[in-house]
Amino acid sequence: MSASPNQHLAVGEPLHGVDAVVLVGGKGTRLRPLTLSAPKPMLPTAGVPFLTHLLSRIRAAGITHVVLGTSYKAEVFAEHFGDGSALGLELEYVVEEEPLDTGGAIRNVADRLRADDVMIFNGDILSGVDLPAVLGTHREANADVTLHLVKVPDPRRFGCVPTDAEGRVTAFLEKTDNPPTDQINAGCYVFRRPVVESIPVGRPVSVERETFPGLLESGARLQGHVDASYWLDLGTPAAFVQGSADLVRGIAPSAALPGPAGQAIVLDGARVRDDVELTGGTTVGTNCMIGNGSRIDGSVLFDGAVIGSEAVVERCVIGASAKIGDGTVLRDVVIGDGAVIGAGCELVDGARVWPGVELPDGAVRFSSDC
Ligand code: GTP
């Protein structure tokens, strides 16, 4: 095996000869109603669109050419990131008229790839994985595909990916009550370019359910890169809130935080009364207002949200320009853009309020949608 320039990569060493592809075309149904107005990777997370954190990590690893595979609300990405030069990147966009699923989306960008190896990222994963180390594993194993794998405390909720003593993937297993391993697919891969080109064209393909099992079946070398770095899939409201709070507190790594890590980030133009408590990695968006004596913990307030006096907001997302009345208590809920919650309300345990809905004073909601 001939040694390539990046074969033995040290931490922090720049990655040359690698393209990046980020999959950002999903509808983000689990995060509705937040994703009705913006695709999941564009939701404000610790003060910037989530994708900014990921792109900054890709750039910090030394990759400059990045292709975004878009579908749902495709235009929003180019409007915000343009040619990528503000982040030191050369960004390209490839739009799917009909969503092609993860594998189809990878195939759909094949003609934009320039390098022999391509790093592929799900656009909704917050991770501290050492990208040069993943590529190093790929090249040392001379793999066709290398998958970042993480160990999770409860693998029953996920499909599992066992590996042998050399780290070679031996199976892709569906969710089961007795998983033989705690390793799961972390949504970050290295593909050799010919493998990308082998995916069927022009139809939806799931990389997890079709491409990977098919490659294994055909005898391809699939390598696992297991590590213990920070990892979180931001697909659900609870995970989104946690990921944002971890970024604000500096627990999750990012080169794109708009302020120093700490208990809260307050963006320009927000007006917060002196006695307001902001804790747990809260983000207060531009032009938000928070009244006397309120307590906001581990929450994300999108731009222009207004919180009255003596309110309690814990682990919530408050949509853009939503209004929360005096004395209202919100725990683990999502409030859509422009919704109005009256005074003295109590909403808890996963309740979701759709954009523009108005709830009268004193309303109580548990785990329900309105
Ligand atoms: P849910 O509807 O809540 O499951 O979210 P999702 O649509 O984002 O699906 P999922 O979390 O399984 O997607 C994982 C990653 O793949 C995300 O970054 C998605 O944006 C992306 N993705 C999913 N489907 C497609 C698709 O059809 N095309 C493209 N380009 N990306 C996709």
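Quick note: structure is the one above.
Residues numbered from 1 in each chain as written. Predicted model: local features only at pLDDT ≥ 70, side-chain atom pairs only at ≥ 80, totals over all residues. Heavy atoms only, no water.

Enquirer: Hey, could you run me through the packing of aromatic side chains in this one?
Expert: Where two aromatic rings form a pair, the distance of their centres and the angle of their planes describe that pair. Under the defined criterion, the tally for this structure stands at four aromatic pairs. Consider the rings of Y189 and F191, whose centres lie 6.2 Å apart with planes at 65°: the pair is edge-to-face. Across the pair, exposure class does not vary: Y189 and F191 are buried alike. Consider the rings of Y189 and F212, whose centres lie 5.0 Å apart with planes at 70°: the pair is edge-to-face. Remark: F212 occurs in helix α6 (residues 207-217) and Y189 occurs in strand β9 (residues 183-192); sequence separation between them is 23 residues. Each of the two residues, Y189 as well as F212, counts as buried. One aromatic cluster is present, formed by F172, Y189, F191 and F212 through successive ring pairs. (Phe/Tyr/Trp six-rings, centres within 6.5 Å; stacked < 30°, edge-to-face > 60°. Buried < 20%, exposed > 50% of the residue type's maximum accessible area, 1.4 Å probe, protein only. Helix = DSSP H or I, 4+ residues; strand = E, 2+ residues; numbered from the N terminus.)

Enquirer: It is not clear to me how the sheet that holds strand β18 (residues 300-301) should be interpreted in this structure. Could you clarify?
Expert: Reading across the sheet, the six strands line up as β12-β15-β18-β21-β24-β27 and stay open at both edges, with parallel pairing between neighbours. The two strands at the open ends of the sheet, each matched to only one other strand, are β12 (264-266) and β27 (352-353). In this sheet, strand β21 (residues 317-318) lies alongside β18 in parallel orientation, the contact comprising two bridges. Looking across to β21, one finds that V300 is bridged to V317. Here helix α7 (residues 237-248) sits on the sheet in contact with β12, β15 (282-284), β18, β21 and β24 (334-335), set at roughly 85° to β15. (Pairing = 2+ DSSP bridges. Contact = heavy atoms within 4.5 Å. Axes fitted to C-alpha atoms, helices over the stretch in contact; angles between N-to-C directions.)

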